[in-house]
Amino acid sequence: MQVRQTSIQGLIELTPRVFEDERGHFFESYNKPLFESLGLPMDFVQDNQSFSTKGVLRGLHMQNQPFAQGKLVRVISGQVLDIAVDLRPDSPTFGQYEAFLLDAKRANMAYIPEGFAHGFVALEDSVFSYKCTNVYNKAAESGIIWNDPDLNIDWGVANPIVSEKDKELKLFREVFPHIVV
């Protein structure tokens, strides 16, 4: 498995070796010894899956403590632009984001540690899967609006389809009023 460290500590991209032949393909999506050697959590407690049509944008979502979640994310079919925003106030990359082009054909994945807001936009009809290190808790749910001017994320989509709930998320400055990016 190829491992790419990003510019944000703890945030990594993993690309497995895909074995293909006339019957289809096979790849290893999880390897405990490898993940342990990278310092990644081993205790995934919840798996989630969503389907999004082309142009759907979901996020930026996060879970507050004590229900913060690390996530191992990948696309089962389709392609998405995946975004992870560092919201760890003591991090040197606080307020910065990393973008991953997750593609079912490449089978690449991203590990997003606790303390990040996460979202994605479907570049084609896509099935998105994520393993979580903590269970979902509605009371701990939070997020930042996808088009926040301080974050200035280039989603690569002119008019995304966004849920009413996600349109109501707060601005970065509202979530972190005492911190300037």
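Here, the structure is the one placed above.
All values derive from a computational prediction rather than experimental measurement.

(A) Just the side chain of Asp-82, in detail. Along the chain, Asp-82 turns up in strand E8 (residues 79-86). Lacking a salt bridge, the buried Asp-82 has Lys-71 as its closest oppositely charged neighbour, with an N-O distance of 8.5 Å. A distance of 2.6 Å separates the side chain of Asp-82 from the side chain of His-118, its partner in a polar contact. If sequence neighbours within four positions are ignored, Asp-82 has contacts with Val-73, Glu-98, Ala-99, Phe-100, Leu-102, Ile-112, His-118, Gly-119, Phe-120 and Phe-128.

(B) Spatial organisation of the pattern of salt bridges. Counted according to the given criterion, the structure contains 10 salt bridges. For Arg-4, the salt bridge identified is with Glu-13, shortest N-O distance 2.8 Å. The partly exposed category is assigned to Arg-4, whose relative accessible area is 33%. On the accessibility criterion, Glu-13 (8% relative accessible area) is buried. A salt bridge links Asp-86 to Arg-88; the shortest N-O distance between them is 2.9 Å. The class for Asp-86 is buried, based on a relative accessible area of 0%. Sharing partners across several salt bridges, the network here consists of Arg-4, Glu-13, Glu-98 and Arg-106.

(C) Looking closely at the layout of surface pockets. In this structure, the largest pocket spans a volume of roughly 450 Å³. Along the wall of the largest pocket there are 23 residues; nearest its centre are Arg-58, His-61, Lys-71, Tyr-130 and Glu-141. Elements supplying a minimum of two residues to the lining of the largest pocket: strand E5 (46-52), strand E6 (56-63), strand E11 (116-122), strand E12 (126-132) and helix H2 (164-167). Ranked by the residues each element gives to the lining of the largest pocket, the list is headed by E6, at 6 residues. For the lining of the largest pocket, the residue count by class is 8 nonpolar, 10 polar and 5 charged. Around the second largest pocket sit 14 residues that line it, and Gln-63, Ala-68, Glu-114, Gly-115 and Phe-116 are the ones nearest its centre.

Parameters and conventions
- Residues numbered from 1 in each chain as written.
- Predicted model: local features only at pLDDT ≥ 70, side-chain atom pairs only at ≥ 80, totals over all residues.
- Heavy atoms only, no water.
- Helix = DSSP H or I, 4+ residues; strand = E, 2+ residues; numbered from the N terminus.
- Buried < 20%, exposed > 50% of the residue type's maximum accessible area, 1.4 Å probe, protein only.
- Lys, Arg positive; Asp, Glu negative; His and termini not counted.
- Salt bridge = Lys/Arg side-chain N within 4 Å of Asp/Glu carboxyl O.
- Polar contact = N/O pair within 3.5 Å; in protein donor to acceptor, adjacent residues only side chain to side chain.
- Contact = heavy atoms within 4.5 Å.
- 1 Å grid on protein atoms, 1.4 Å probe; cavity = no way out; pocket = protein on both sides within 12 Å on 5 of 7 lines; lining within 4 Å.
- Points joined across faces, edges and corners; volume = space filled by probe spheres on them.
- Nonpolar A, V, L, I, M, F, W, Y, C, P; charged D, E, K, R; others polar.

So, to be careful, I would describe these as geometric facts and stop short of saying anything about function.
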